[in-house]
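# Survey of secondary and tertiary structure
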Amino acid sequence: MLQDTLTIRYYQRLTDGLVGLWNRGYRFDDMRLYLDGYLSALRHTNGLEPYQVNRLEEEMTRFLYDSSNFESPVEPERDYR
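First, a word on scope: everything that follows refers to the structure included in this document. The numbers attached to residues start from 1 for each chain and follow its sequence in the written order. Selection of residues for local features in this predicted model requires a pLDDT of at least 70, selection of side-chain atom pairs for listing and counting requires 80 or more, and totals for whole chains, interfaces and linings are taken over all residues. Working from all heavy atoms in the structure, the side-chain values ignore hydrogens and water.

## Observations concerning the overall build of the protein chain
Secondary structure follows DSSP: runs of H or I at least 4 residues long count as helices, runs of E at least 2 residues long count as strands, and numbering of each begins at the N terminus. When helices and strands are counted, the protein chain shows three helices and zero strands. Mapped from its N terminus to its C terminus, the protein chain presents α and β elements in the order α-α-α. Throughout, the radius of gyration refers to the C-alpha atoms, and the reference size of a globule is 2.2 Å times the residue count to the power 0.38. On C-alpha atoms alone, the protein chain measures out to a radius of gyration of 16 Å, which is more than a quarter above the 12 Å that the 2.2 N^0.38 rule sets for 81 residues. C-alpha extents for the protein chain along the principal axes are approximately 60 × 25 × 15 Å. When a residue's accessible area, from a 1.4 Å probe over protein chains only, is under 20% of the maximum for its type it is buried; when over 50% it is exposed; and in between it is partly exposed. Here the protein chain holds 81 residues, and the buried ones make up 27% of them. Note on contacts: a residue pair qualifies if any of its non-hydrogen atoms lie within 4.5 Å across the two residues. Partitioning the contacts of the protein chain with sequence separation of at least 6, the portion at a separation of at least 24 is 65%.

Structural data, given as structure tokens:
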């Protein structure tokens, strides 16, 4: 569980970005590259402490491989009477 507010903010940005990529037609390989690049940039810029980046990576990997995060919302049935 993430507890640092800055780490949580990065988590929210990443999850929103990944869902956005999914909705635009990108798939897991592309999203993994996006995630790897984002985490690499955080490590390079020292945006977070190394242990926080590692924890964020664990949480994001869990998010990425949970297919329920990328399911389309159920649309209500239309009545064509």
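Having seen it, we continue.
## Points about the packing of helix H2 (residues 28–45) against helix H3 (residues 50–64)
Axis separation between H2 and H3 bottoms out at 11 Å; the angle between their running directions is 170 degrees. Of the possible angle classes, the one that applies to H2 and H3 is roughly antiparallel. Contacts between H2 and H3 involve Phe28, Met31, Arg32, Leu35, Leu39, Leu42 and Arg43 from the former and Val53, Asn54, Leu56, Glu57, Met60, Thr61 and Leu64 from the latter. Residues are grouped as follows: Ala, Val, Leu, Ile, Met, Phe, Trp, Tyr, Cys and Pro are nonpolar; Asp, Glu, Lys and Arg are charged; all remaining types, including Gly, are polar. Of the residues that constitute the contact of H2 with H3, the class distribution is nine nonpolar, two polar and three charged. With axes taken as lines fitted to C-alpha atoms, and helix axes fitted only over the stretch in contact, angles between N-to-C directions fall between 0 and 180 degrees. Throughout, the term roughly parallel applies to angles under 35 degrees, roughly antiparallel to angles over 145, roughly perpendicular to angles from 65 to 115, and oblique to all others.

## Thoughts on helix H1 (residues 5–23)
What a helix should span is 1.5 Å times the count of its residues minus one. Its 19 residues give H1 an end-to-end C-alpha distance of 27 Å, which sits within 8% of 27 Å, the value for a rise of 1.5 Å per residue. Contact partners of the buried residues in H1: H2 and H3. Positive backbone phi, at 105 degrees, marks Gly25, one or two positions downstream of H1.

## Quick look at the packing of aromatic side chains
A pair of Phe, Tyr and Trp rings is counted when the ring centres sit within 6.5 Å of each other, with Trp represented by its six-membered ring. The angle between the planes then sorts it: under 30 degrees is stacked, over 60 is edge-to-face, the rest tilted. Enumeration according to the criterion identifies seven aromatic pairs in this entry. Plain terms: the ring middles of Tyr10 and Tyr38 are 6.3 Å apart, the flat faces sit at 75 degrees to each other, and that makes the pair edge-to-face. With Tyr10 in helix H1 and Tyr38 in helix H2, this residue pair connects regions lying 28 residues apart in the sequence. On the basis of relative accessible area, Tyr10 is assigned to the buried category, the value being 14%. Note on Tyr11 and Phe63: the rings are 6.4 Å apart at their centroids and 80 degrees apart in plane angle, and the pair reads as edge-to-face. Residue Tyr11 is found in helix H1, and its partner Phe63 is found in helix H3; the two are separated by 52 residues along the sequence. Among the aromatic residues, those joined into a cluster by ring pairs are Tyr11, Trp22, Phe28, Phe63 and Phe70. Here, a charge over a ring means that NZ of Lys or CZ of Arg falls within 6 Å of the ring centre while also lying within 35 degrees of the ring normal. Above the plane of the ring of Trp22 lies Arg27, whose end atom (NZ or CZ) is 4.1 Å from the centre.

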